[in-house]
Amino acid sequence: MPELRVGPLTLEARSGANLLDTLLAAGLPVAWSCRAGQCQTCLVQARPGQASPASTAPLTAHQQQAGWLLSCQCQVIQDMDIHLHDPASDGMGAQLVYKENISPTLLIIRVKPDRPLRYLPGQHMVLWLHAQLGRPYSIASLPTDPYLEFHLRLHSEGAFSAEIVKLVVGDRLALGAPGGHLSYDMEWQDRPLLLLAGGTGLAPLQAIAREALRQGHDAPIDLWHWHSDADDGCYMQARLLQLADEHASFSAHLHKRSTLESDLRQLRLASRSTMALVCGQPGFIEQLRKPLFMAGLPARQVLDEAFISRKA
Ligand SMILES: Cc1cc2nc3c(=O)[nH]c(=O)nc-3n(C[C@H](O)[C@H](O)[C@H](O)COP(=O)(O)OP(=O)(O)OC[C@H]3O[C@@H](n4cnc5c(N)ncnc54)[C@H](O)[C@@H]3O)c2cc1C
Ligand code: FES
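As recorded in an unreviewed UniProt entry, the chain goes by the name 2Fe-2S ferredoxin-type domain-containing protein, listed as coming from marine sediment metagenome.

Enquirer: Help me understand the overall build of the chain, please; the structure alone is not making it clear to me.
Expert: Secondary structure assignment for the chain yields 9 helices and 16 strands. For 312 residues, the compact-globule formula gives about 20 Å, and the C-alpha radius of gyration of the chain, at 20 Å, lands near that figure. Its C-alpha atoms give the chain principal-axis dimensions of roughly 60 × 45 × 35 Å. Of the contacts formed within the chain by residues at least 6 apart in sequence, a portion of 69% connects residues at least 24 apart. Of the roughly 14700 Å² of accessible surface on the chain, a fraction of 51% belongs to carbon and sulfur atoms.

Enquirer: Any chance you could explain the domain arrangement of the chain here in plain terms?
Expert: Reports of interface size often rely on the accessible area that becomes lost once the parts have come together. On domain assignment, one finds that the chain holds domain 1 (3-85), domain 2 (88-175) and domain 3 (186-306). When each unit is reduced to the centre of its C-alpha atoms, the spacing between domain 2 and domain 3 is 24 Å. At the junction of the two partners, domain 2 supplies 20 residues and domain 3 supplies 16 residues. Carbon and sulfur atoms supply 57% of the area that domain 2 and domain 3 bury against each other, a total of about 1400 Å² over both sides.

Enquirer: How do you make sense of the side chain of glutamine 123 when you look at a structure like this?
Expert: Along the chain, glutamine 123 turns up in the loop between strand S7 (106-113) and strand S8 (124-130). Those residues within four positions of glutamine 123 in sequence are excluded, and the remaining contacts are Ser138, Ile139, Pro178, Gly179, Gly180 and Leu182.

Enquirer: So what exactly am I meant to see when it comes to the nonpolar core here?
Expert: Side chains of a nonpolar character, in soluble globular proteins, are inclined to be buried together. Grouped together as the largest cluster of nonpolar side chains are 25 residues, with contacts concentrated most on Leu193, Leu195, Leu202, Leu205, Ile221, Phe250 and Leu277. When contributions to this core are tallied by element, the ones reaching two or more residues are S7, strand S12 (193-198), helix H6 (202-214), strand S13 (221-227), helix H7 (237-246) and strand S15 (275-280). Beyond its immediate sequence surroundings of up to four residues, leucine 205 is in contact with Leu182, Leu195, Leu196, Ala197, Leu223, Leu277, Val278 and Cys279.

Enquirer: Where do I start with the layout of surface pockets in this structure?
Expert: Think of a ball as big as a water molecule: rolled over the atoms, this probe shows where empty space is left. Of the volumes computed, that of the largest pocket is approximately 900 Å³. Broken down by secondary-structure element, the contributors of at least two residues to the lining of the largest pocket are strand S9 (133-138), strand S10 (148-153), helix H5 (159-164), H6, S13, helix H9 (282-294) and strand S16 (302-306). For the lining of the largest pocket, the leading source of residues is S9, giving 4 residues. A class-by-class count of the residues in the lining of the largest pocket yields 15 nonpolar, 17 polar and 7 charged. Taken as a whole, the second largest pocket holds about 490 Å³ of empty space. Residue lining of the second largest pocket: 20 residues in total, with His62, Gln63, Gly176, Ala177 and Pro178 positioned closest to the centre. Split by residue class, the lining of the second largest pocket holds 10 nonpolar, 7 polar and 3 charged.

Enquirer: Just to check I follow, could you spell out the pattern of salt bridges for this structure?
Expert: Side chains that differ in charge, positive against negative, can pair when their charged atoms come close. A full pass over the atoms with the stated rule returns 13 salt bridges. For aspartate 79, the salt bridge goes to arginine 5, with nearest N and O atoms at 3.9 Å. Of the two residues, aspartate 79 is situated in the loop between strand S4 (68-70) and strand S5 (80-84) and arginine 5 in strand S1 (residues 3-6); the sequence distance between them amounts to 74 residues. You can call aspartate 79 partly exposed: its relative accessible area is 33%. The shortest N-O distance in the salt bridge between arginine 289 and glutamate 286 comes to 3.1 Å. Taken as a pair, arginine 289 and glutamate 286 lie in helix H9 at a separation of 3 residues, close to a single helical turn. The network of salt bridges with shared partners includes Glu3, Arg5, Arg47, Asp79 and Asp81.

Enquirer: Is there a simple way to think about the UniProt feature "domain: FAD-binding FR-type" (unreviewed entry) in the chain in this case?
Expert: The positions UniProt marks with the feature "domain: FAD-binding FR-type" (unreviewed entry) are residues 89-185. Secondary structure across residues 89-185 comprises 8% helix and 44% strand; the distance between its end C-alpha atoms is 33 Å.

Enquirer: Help me understand the site of ligand 1 in this model?
Expert: Of all residues adjacent to ligand 1, which total 24 residues, the nearest are Pro136, His151, Arg153, Phe160 and Ser161. At 2.6 Å, a backbone N or O of phenylalanine 160 approaches an oxygen atom of ligand 1. The separation between a nitrogen atom of ligand 1 and a polar side-chain atom of glutamine 281 is 3.2 Å. More than half of the atoms of ligand 1 fall within 2 Å of the grid points belonging to the largest pocket.

Conventions used here
- Residues numbered from 1 in each chain as written.
- Chains lettered and ligands numbered in written order.
- Predicted model: local features only at pLDDT ≥ 70, side-chain atom pairs only at ≥ 80, totals over all residues.
- Heavy atoms only, no water.
- Helix = DSSP H or I, 4+ residues; strand = E, 2+ residues; numbered from the N terminus.
- Rg over C-alpha atoms; globule rule 2.2 N^0.38 Å.
- Contact = heavy atoms within 4.5 Å.
- Areas by Shrake-Rupley, 256 points an atom, 1.4 Å probe, with all protein chains shown as cover.
- Domains from an automatic or database assignment.
- Buried area = accessible area lost by both parts, 1.4 Å probe.
- Core = buried A, V, L, I, M, F, W, Y, C linked by side-chain atoms within 4.5 Å.
- Buried < 20%, exposed > 50% of the residue type's maximum accessible area, 1.4 Å probe, protein only.
- 1 Å grid on protein atoms, 1.4 Å probe; cavity = no way out; pocket = protein on both sides within 12 Å on 5 of 7 lines; lining within 4 Å.
- Points joined across faces, edges and corners; volume = space filled by probe spheres on them.
- Nonpolar A, V, L, I, M, F, W, Y, C, P; charged D, E, K, R; others polar.
- Salt bridge = Lys/Arg side-chain N within 4 Å of Asp/Glu carboxyl O.
- UniProt positions renumbered as here; feature names shortened; annotations may be inferred.
- Near = heavy atom within 4 Å.
- Polar contact = N/O pair within 3.5 Å; in protein donor to acceptor, adjacent residues only side chain to side chain.
- Sits in = over half its atoms within 2 Å of the grid points.

Printed below as a string of structure tokens:
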């Protein structure tokens with residue numbers, strides 16, 4: 001049986017067992033959120049060579065060299081020396097500099113990291129309130145902005161939602177490393193972009209639209225946003241309409257969620273080379289898969305990111 005050494009503790013693991021499950025079953029304080037290898041909340045560190053390849057594949061070369069791995073994706077097949085992630089020392093400190101309650105279920109925050117941080121517009125990172133409470137959120141700002149912006153849907157039974165609303169400007173939090181595959185690719189310069197966002201899935205997609213325009217993207221950019229019928233319109237309406245005024249190639253289609261199905265039936269592609277980027281809750285992504293295929297977009301031209309939650 002493989003041994004897991006965690007500080008002074010030695011655990012016996014079943015060969016092939018999931019590392020996160022094994023650590024949690026032993027009562028160790030490991031945070032987690034998506035359990036799908038997407039969010040980096042479940043990071044732990046091991047010695048080089050001890051992690052299974054699947055558990056390091058989504059991480060940067062720098063993270064891999066430092067021995068970080070995603071415990072939710074790791075099968076225990078050999079002895080491992082584990083260091084538990086501590087956001088206070090392993091993450092980056094940041095200060096809350098802006099907080100706007102858009103509605104009882106929608107919050108916009110801006111944070112200023114203690115040091116400059118490199119990221120691509122559209123990526124996400126874990127916001128940590130303490131070692132046990134971190135959740136992934138997409139970055140809504142551009143690296144040229146003097147802050148990181150996040151758009152948070154607040155869930156009535158959400159542990160993070162309940163705590164983040166108590167923070168006031170000046171409070172501290174910690175940030176994980178930026179990650180994720182959603183970002184603007186310069187190779188798309190001449191291809192129409194179709195950006196399809198549900199709810200706060202707008203956060204990364206509007207950042208990608210702004211980045212594409214900043215990079216001089218030539219082809220049309222169509223951003224569609226479906227907001228909850230309970231919301232008072234699209235929460236970024238003013239900013240998006242201003243962007244459309246400033247850039248003839250950019251258009252924003254802001255609709256209620258209840259019109260999604262009929263909107264999708266009318267979906268037409270500007271060109272067969274269109275790249276579609278889709279972001280929102282898992283059900284939203286699923287709902288778009290078939291209409292995009294029927295509209296003539298092969299899977300390789302569709303990039304999606306599902307906001308998988310802890311219990312969904
Ligand atoms: C890569 C990635 C990027 C993300 N980016 C964003 C973002 O920019 N903005 C944003 O608002 N969210 C984003 N999410 C989703 C967010 O991380 C989760 O919704 C998170 O679980 C919320 O934490 P919580 O503590 O409030 O709720 P949790 O304690 O994690 O969940 C408690 C309960 O709240 C409800 N709940 C939580 N999340 C959802 C959900 N997404 N849909 C439906 N019900 C839910 C469920 O009933 C759940 O059982 C992202 C997720 C991923 C994986
Ligand atoms: S990556 Fe492991 S819980 Fe999200």
